Amino acid sequence: MLEHPQPVIRVTMMPRDTNGHGTIFGGVLLSYIDQAGAIEAARHVSQKLVTVAIKEVVFHEPVNVGDVVSFFGSVKRIGNTSITVAIEVFSTRIWAQKAEEVRVTEAELTFVAIDDQGKPTPIVR
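Summarised in this report is the structure supplied together with it. (Residues numbered from 1 in each chain as written. Predicted model: local features only at pLDDT ≥ 70, side-chain atom pairs only at ≥ 80, totals over all residues. Heavy atoms only, no water.)

## Digging into the side chain of Asp 67
Stage number 1. Tracing the sequence through the fold places Asp 67 in the loop between β2 (49-54) and β3 (68-78).
Stage number 2. At a separation of 2.9 Å, a polar atom in the side chain of Asp 67 contacts the main-chain amide nitrogen of Asn 64.
Stage number 3. Of note is the side chain of Asp 67, whose polar atom sits 2.9 Å from the side chain of Ser 91. (Helix = DSSP H or I, 4+ residues; strand = E, 2+ residues; numbered from the N terminus. Polar contact = N/O pair within 3.5 Å; in protein donor to acceptor, adjacent residues only side chain to side chain.)

Structure (C-alpha cells):
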C-alpha cells in the first residue's frame, strides 16, 4: 500500500534542543521521526505497535533554532505482523532573510503489532 507522503508533525525548534554547535541535536530529530512514524502507522493499524527498526538516517542539512521542521509520512508496506513507514523531514528557515525549505533527512521505520503480553500478533485491517 503505497501512498503520497502526508503531513504528520510540524514543530518549531527551540534553544533547549541545541548541541554545542548551536544546531539541533540529531537525537531530538530522531525522537520526532519515531513519533511521526508511529502516528503514520497508527493511521493504518489500530493495534498496539512498537518500533523495531529505523534504517540508516543521514542528516543532509543542519536544523537551526527557530526553524519549522515538518515530518511527512507514507506507508511502504504492511506485512503479517509489521508495518513499514517512510518519513521525510524538511526544515523551513523562516527567520532567514529569504525563507527557504531544505530537505534534512529521511528514514524508514518498521513497527510490529503486539498483543497484551508484548508478543507479535497478526495485523488486522
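That shown, we press on.
## Some details on the sheet that holds β3
Stage number 1. In spatial order, the strands read β1-β3-β4-β5-β2; together these five strands make up an open sheet with antiparallel pairing. In the strand order of this sheet, the two ends are held by β1 (6-12) and β2, each with one partner. Neighbour to neighbour, the strand axes of the sheet diverge by 30° on average, direction disregarded.
Stage number 2. Pairing of β1 with β3 involves six bridges; the strand directions are antiparallel. Paired with Gln 6 across the two strands is Gly 73, which belongs to β3. (Pairing = 2+ DSSP bridges. Axes fitted to C-alpha atoms, helices over the stretch in contact; angles between N-to-C directions.)

## Some details on the packing of aromatic side chains
Stage number 1. Within the structure shown, the criterion is met by two aromatic pairs.
Stage number 2. Between Tyr 32 and Phe 71, the ring centres sit 5.7 Å apart and the planes meet at 35°, which makes this aromatic pair tilted. Within this pair, whereas Tyr 32 is found in helix α1 (residues 26-42), its partner Phe 71 is found in strand β3, the two being separated by 39 residues in sequence.
Stage number 3. Each ring, one from Phe 72 and one from Phe 90, has its centre 5.8 Å from the other, and the planes form 80°; the classification is edge-to-face. On the criterion of sequence distance, the pair formed by Phe 72 in strand β3 and Phe 90 in strand β4 (residues 82-93) is long-range, its members being 18 residues apart. (Phe/Tyr/Trp six-rings, centres within 6.5 Å; stacked < 30°, edge-to-face > 60°.)

## Thoughts on the nonpolar core
Stage number 1. Judged by nonpolar contacts, the single largest core of 28 residues is most densely connected at Met 13, Leu 29, Val 69, Phe 71, Ile 83 and Ile 87.
Stage number 2. Of all the elements in the fold, those that place two or more residues in this core are β1, α1, β3, β4 and β5 (100-113).
Stage number 3. Ranked by the residues each element gives to this core, the list is headed by α1, at six residues.
Stage number 4. Discounting chain neighbours no more than four positions away, the residues touching Leu 29 are Met 13, Ile 24, Phe 59, Val 63, Val 69, Phe 71 and Val 104. (Core = buried A, V, L, I, M, F, W, Y, C linked by side-chain atoms within 4.5 Å. Buried < 20%, exposed > 50% of the residue type's maximum accessible area, 1.4 Å probe, protein only. Contact = heavy atoms within 4.5 Å.)

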